[in-house]
Amino acid sequence: MKPTSIRLAHLSRCRGISRSTLRNFLKYDSTLLNIYAMSPGELSKTFSISPNKASLFYSELHNVDVRKEFKADLERCKIITLVDEDYPAVLNTIKDAPLVLYAIGDVSLLEHSPALSVIGTRNPSIEAWMKISHLVEPLLEKDWLIVSGMALGIDSYAHTLALEKKGKTIAVLGSGFLRIYPVQNKALFRKIAKEGLILSEYPPNTPPQKYHFPERNRIISGLSFGTLVIEAKERSGTLITVDQALDQGREVYAVPGSPFMDQTKGCHRMIQDGAKLVTDATDILDDWELIGKNFEAFNSSNKLN
């Protein structure tokens, strides 16, 4: 890692500042070196941080234990930052792009195209596996990459199918690698780490927090050409990812089902609101043929030089 990347990754784990403040640091000093020499008062005045938060950040920045843990993490996994040449181009185009990514596995998958995020309820119906197999398996056969969040239910099904079919998959976590959530998916985590890619914007020892999961959704959708919702209840966290995808200009696909099942009500609402109804993989493949080249060209033009 180059010095600026190391500094950015180090600064990002210090409490007291937000991602927005980190971006302001980069605007103020693209090397980030001067940030280390500033006093709490200077930090507060220059970046409009409250005195208490500036003091907390200053303390964390010069904390020996924080530095030791950071050095250990440099050995544990690959760290990719916004200022690195290998930062995924597809994420450069999204709002509030992650500044730091921790990765375990095949990082070349970050440049693989096409990619589709496959998401849905944590409490799927008995038909859910058949739906995923019917829609996603043909995509895997055509070398599509599947992105999901390693949650219980639909996410786990999507990753599992990709692994079973020797396909490509990325899991984006809402916690650090050393705090796997849900704990039931530790075996799945190890298998994806070995055969696919695990990503998180949180340092390895970060426990899951409720707000992490809506945050990580922007990465799931951002890595993909489109988002496919297999099943979702009417009031579902899945809708957050859909909103992120729409905000990012990504395609959104939803699978219809029985009007009597709670797991399909969210999909029906999405279709009413403009999501594309999908009953076959060709519905997605045809879209890729029509607009895929434009999607790739746009992301290539935003790759860091």
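- The name an unreviewed UniProt entry gives the chain is DNA-protecting protein DprA, with Oceanobacillus piezotolerans as the organism.

### Remarks on the overall build of the chain
- From N to C terminus, the chain includes twelve helices and nine strands.
- Against the globule reference of 19 Å for 305 residues, the chain gives a C-alpha radius of gyration of 20 Å, in line with a compact fold.
- Dimensions of the chain along its principal axes, counting C-alpha atoms only, are 60 × 40 × 35 Å.
- Counting over 305 residues, the chain shows a buried share of 53%.
- Carbon and sulfur atoms provide 51% of the accessible area of the chain, an area that totals close to 14100 Å².
- Positive and negative side-chain charges in the chain, numbering 37 and 35 respectively, have mean positions lying 7 Å apart.

### Thoughts on the packing of aromatic side chains
- A complete count under the given rule lists eleven aromatic pairs for this structure.
- Taking the centre distance of 5.2 Å and the plane angle of 80° together, the rings of Tyr28 and Phe47 count as edge-to-face. Of the two residues, Tyr28 sits in helix α2 (residues 19–28) while Phe47 sits in helix α3 (residues 40–47), which places them 19 residues apart along the sequence.
- Ring geometry for Phe225 against Trp288: centres 4.9 Å apart, planes inclined by 85°, an arrangement best described as edge-to-face. Here the residue Phe225 occupies a position in the loop between α9 (212–222) and β7 (226–229), and Trp288 occupies one in helix α12 (residues 281–301), the gap between them amounting to 63 residues.
- Using a relative accessible area of 13% as the deciding quantity, one classes Trp288 as buried.
- An aromatic cluster of three or more residues is present, and its members are Phe25, Tyr28, Phe47 and Phe57.

### Concerning the pairing of strand β5 (residues 168–172)
- Burial analysis of β5 places four of its five residues in the buried class, which makes it a mostly covered element.
- Both strand β4 (residues 145–148) and β5 contribute to a ladder of four bridges, which runs parallel. Its bridge partner being in β5, Val147 is matched across the sheet by Ile170.
- In the classification by handedness, the crossover that spans β4, the intervening helix α7 (residues 154–164) and the parallel β5 is right-handed.
- Here three bridges tie β5 to strand β6 (residues 197–200), and the two strands are oriented parallel to one another. The residue of β6 that forms the bridge with Ile170 is Leu197.

### Description of α3
- Listing the buried residues of α3 in full gives Leu43, Ser44 and Phe47. All buried residues of α3 project into a common sector of 100° when viewed along the axis, lining one side.
- For α3, the elements touching its buried residues are α2 and α4 (51–61).

What counts, and where the lines are drawn
- Residues numbered from 1 in each chain as written.
- Predicted model: local features only at pLDDT ≥ 70, side-chain atom pairs only at ≥ 80, totals over all residues.
- Heavy atoms only, no water.
- Helix = DSSP H or I, 4+ residues; strand = E, 2+ residues; numbered from the N terminus.
- Rg over C-alpha atoms; globule rule 2.2 N^0.38 Å.
- Buried < 20%, exposed > 50% of the residue type's maximum accessible area, 1.4 Å probe, protein only.
- Areas by Shrake-Rupley, 256 points an atom, 1.4 Å probe, with all protein chains shown as cover.
- Lys, Arg positive; Asp, Glu negative; His and termini not counted.
- Charge placed at Lys NZ, Arg CZ, Asp CG, Glu CD.
- Phe/Tyr/Trp six-rings, centres within 6.5 Å; stacked < 30°, edge-to-face > 60°.
- Pairing = 2+ DSSP bridges.
- Right-handed = clockwise from strand over helix to strand, strands pointing away.
- Arc of directions from axis to C-beta.
- Contact = heavy atoms within 4.5 Å.

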